[in-house]
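Observations on chain architecture
Take a look at the letters that make up each chain.
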Amino acid sequence: MHYSVFLRLLPLAFAAFSFPLSAESAPVAIIPQPLVLEQADNAPGFQLRDGIRVHYSVSRSEMGRAAIRALMAAGFNVLPEEMQGALEVHHIDNANPEAYTLSVSAEGIRIGAASHSALYAAAQTLAQAVQNGIIPAMRVEDAAALQHRGIMLDPCRHPISVADTKRILELMARYKLNTLHWHLCDDQGWRIEIKKYPLLTEIGSKRKESSCWIDQKKKDGKPVEFHYSQDDIREVVEYAHSLGITVIPEIEIPGHASAAVTAYPQLGNQDCPDFAPEVITGWGVFPHVMGPNPFTFQFIEDVLAEVCELFPRAPYIHIGGDEVPRDQWQKSPAAQAFMKEHGYTRESQIQDHFTHFCAQVLRKHGRRMVGWDEIMCAPQLPQDAVVMAWRGMDHARIAARRGHQLILCPIHAFYFNFPYGKNPADSFYSGLTGFNNIDCAHVINFDTSVPGNQVIGMQANLWSECIPNMQKLEYMLVPRICALAEHAWLYGTPNRPDAAHFTRRLQAHYPYFDSLRLNYRKEDGSPRLQAVQQ
């Protein structure tokens, strides 16, 4: 069925909630809201009992096996094959690979999907619909508007363990977010093992202490030493894949490089009079940037080669490119000689050189480059570069006019390190000051319109300067993750549900949060778990 037909049927999704229901089920509350959801009137649903039994023909087809994997990832018990099964799976012809259909009755479950990735969304819709061991009788036609729907995690400022990363991945999968943007290096620490450059983790992953996030003039006196081994990376990447999620790594080039330059000083601008790199203990923007020299460019080529091998399914690799100070390039005779050699007249052109070099290296590995919107400073930015617009929608619209594909994460609505609204009584749960009142309604209602069809994705960024542990990370993320998921799934959809409609459906998801013991933000602003583990 064509996507335009889905949109034409959209009003039925809301009308379905007003129908009288059988004793077996109450109105289902799915997030993101499906484009079409019709719940049958006075019809019994599918009894899960001990699980979903599969007909032998399903488990012998490629799509059937993919559907079984998706159902298991969503928490269903899939029983061994037999001659009589309750699951039917088929391919649907749709240009949108995220399109799927569902039909549930007392006799069984029928899933149609345009691709394997759509099966994961279908399975999560079923999982959200379960009521007391029953999937209500219903019909769903649905498709995601955007192919990249994600969360960015930052283990550089404060570490996030493999186990906790998996916990976030499970939550993402529940709400059909399919991309983890993994910010793996910054001034405050290098977090990914690179075999060819062992000092990156032997030196660059350690800092002597951290700034207190409420008062940065104060230090906590607690050393930090943390990195992911390559086995850790592979474990997270494969676990994400089992949930239908792709992991996109970020390696910061050429700025936010203090940790890397501390490990390998020859990466930096050593001839600057104030050259004294260290792994940074505070938060902000710092002067140590990569120097434009042969060692640095070989380093970039080697690191990106290992990164591409560790993330085999990532269609693009993030190269950072944001907040790059140029003071050291101005003071460095070697950097000035590099400019003269290449006919450059502005230090900004050194950053442009790095950007083009990264794009060239990644192209050799069959990958595209994605970077923060500052990469647009480069003249003739490679057309295949993806721009991640964080500084605001004006920058997004500029990128669209230039013909670049876009991932939207505007700081004004999708930076989840900022507060929901009024800070709670416990100051530990306060967010960074700057942009306040980023509550679910703001996330849902924020204007992300961009002319044309250049937007391919949307994500929320969870920077961790003020997030020292998992308790606070969950508080800052949940339930805003649900609002982000709905906005991304229904991006540009006519007559999409408003914030009030979303809020009504959200109420049904608090028992799920409780079942996971998530330390989510309650409606009064307080955390679910009162004890703070600092």
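The structure under discussion appears in the preceding block.
Residues numbered from 1 in each chain as written. Predicted model: local features only at pLDDT ≥ 70, side-chain atom pairs only at ≥ 80, totals over all residues. Heavy atoms only, no water.

1. Quick look at the overall build of the protein
A count of helical and extended segments in the protein gives 20 helices and 21 strands. For 534 residues, the compact-globule estimate of 2.2 N^0.38 gives 24 Å, and the C-alpha radius of gyration of the protein, at 24 Å, lies within 12% of that figure. Burial analysis of the protein (534 residues in total) assigns 61% to the buried set. Pairs at least 24 residues apart make up 71% of the contacts formed inside the protein by residues separated by at least 6 positions. If you sum the accessible surface of the protein, you get close to 20,700 Å²; carbon and sulfur atoms cover 52% of it. In the protein, the 48 positive side-chain charges and the 57 negative ones have mean positions that sit 2 Å from each other. (Helix = DSSP H or I, 4+ residues; strand = E, 2+ residues; numbered from the N terminus. Rg over C-alpha atoms; globule rule 2.2 N^0.38 Å. Buried < 20%, exposed > 50% of the residue type's maximum accessible area, 1.4 Å probe, protein only. Contact = heavy atoms within 4.5 Å. Areas by Shrake-Rupley, 256 points an atom, 1.4 Å probe, with all protein chains shown as cover. Lys, Arg positive; Asp, Glu negative; His and termini not counted. Charge placed at Lys NZ, Arg CZ, Asp CG, Glu CD.)

2. Brief notes about the pairing of strand S3 (residues 52-55)
With burial as the criterion, only one face of S3 is covered, namely that bearing Ile-52 and Val-54; the residues Arg-53 and His-55 on the opposite face remain uncovered. With four bridges joining them, S3 and strand S4 (residues 78-82) adopt parallel strand pairing. The partner of Val-54 across the bridge, within S4, is Glu-81. (Pairing = 2+ DSSP bridges.)

3. Thoughts on the side chain of His-404
Mapped onto the secondary structure, His-404 falls in the loop between helix H14 (393-401) and strand S20 (406-408). From its side chain, His-404 meets the backbone oxygen of Ala-385 in a polar contact 3.4 Å long. Among residues more than four places away in sequence, those in contact with His-404 are Leu-381, Pro-382, Gln-383, Ala-385, Val-387, Ala-399 and Gln-454. (Polar contact = N/O pair within 3.5 Å; in protein donor to acceptor, adjacent residues only side chain to side chain.)

4. Comments concerning empty space enclosed by the protein
Tallied over the full model, the rule gives two cavities of 30 Å³ or more. Computed from the structure, the largest cavity encloses a volume of approximately 60 Å³. Every residue along the wall of the largest cavity is listed here: Val-237, His-241, Ile-245, Thr-246, Val-247, Phe-311, Pro-312, Arg-313 and Ala-314. If you list the elements that add at least two residues to the lining of the largest cavity, you get helix H8 (230-242) and strand S16 (246-250). Partitioned by chemical class, the residues of the lining of the largest cavity number six nonpolar, two polar and one charged. The calculated volume of the second largest cavity comes to roughly 40 Å³. Around the second largest cavity sit Pro-419, Tyr-420, Gly-421, Lys-422, Asn-423, Pro-424, Tyr-429, Gly-431, Tyr-475, Met-476 and Arg-521, which together line it. Within the lining of the second largest cavity, the residues separate by chemical class into six nonpolar, three polar and two charged. (1 Å grid on protein atoms, 1.4 Å probe; cavity = no way out; pocket = protein on both sides within 12 Å on 5 of 7 lines; lining within 4 Å. Points joined across faces, edges and corners; volume = space filled by probe spheres on them. Nonpolar A, V, L, I, M, F, W, Y, C, P; charged D, E, K, R; others polar.)

5. Looking at the pairing of strand S7 (residues 108-113)
For a regular strand, side-chain orientation follows a simple rule: the groups alternate between the two sheet faces. Counting buried positions along S7 gives five out of six residues, so the element sits mostly inside the fold. Pairing of strand S5 (residues 87-91) with S7 involves five bridges; the strand directions are parallel. The residue of S7 that forms the bridge with Glu-88 is Arg-110. Relative to S7, strand S6 (residues 100-105) runs antiparallel, the two sharing six bridges. Bridge pairing in S7 links Ser-103 to Arg-110. Taking the residues that link successive antiparallel strands as the turn, the S6-S7 hairpin has two residues.

6. Let's talk about the packing of aromatic side chains
For the structure shown, the criterion picks out 27 aromatic pairs. Taking the centre distance of 4.8 Å and the plane angle of 70° together, the rings of Tyr-197 and Phe-299 count as edge-to-face. Of this pair, Tyr-197 sits in the loop between strand S13 (189-190) and helix H7 (199-202) while Phe-299 sits in helix H10 (residues 294-310), and the two are 102 residues apart along the sequence. Summarising the burial analysis for this pair, Tyr-197 and Phe-299 share the class buried. (Phe/Tyr/Trp six-rings, centres within 6.5 Å; stacked < 30°, edge-to-face > 60°.)

7. Topic: the side chain of Asn-269
Following the sequence through the fold, Asn-269 ends up in the loop between helix H9 (258-263) and H10. Assessed through its relative accessible area of 2%, Asn-269 is described here as buried. In terms of polar contacts, Asn-269 uses its side chain to reach the backbone carbonyl oxygen of Val-289, at 3.1 Å. Every residue in contact with Asn-269, bar those within four places of it in the chain, is listed here: Phe-275, Val-289, Met-290, Gly-291, Pro-292, Gln-328, Trp-329, Ser-332 and Ala-335.

8. With respect to the layout of surface pockets
If you add up the space inside the largest pocket, you get close to 620 Å³. Lining the largest pocket are 28 residues, with Glu-98, Ser-117, Asn-178, Gly-244 and Thr-246 sitting closest to its centre. Looking at the lining of the largest pocket, the elements that each hand over two or more residues are helix H4 (62-73), helix H5 (116-129), strand S10 (148-153) and S16. Per element, the largest residue contribution to the lining of the largest pocket is five residues, and it comes from H5. For the lining of the largest pocket, a count of residues per class yields 13 nonpolar, ten polar and five charged.

9. A few points about the pattern of salt bridges
One pass over the full model with this rule turns up 22 salt bridges. Glu-238 is paired through a salt bridge with Arg-313; the nearest N and O atoms lie 3.0 Å apart. With Glu-238 in helix H8 and Arg-313 in the loop between H10 and strand S17 (316-318), this residue pair connects regions lying 75 residues apart in the sequence. Through salt bridges with shared partners, a single ionic network connects Asp-154, Arg-157, Asp-186 and Glu-465. (Salt bridge = Lys/Arg side-chain N within 4 Å of Asp/Glu carboxyl O.)

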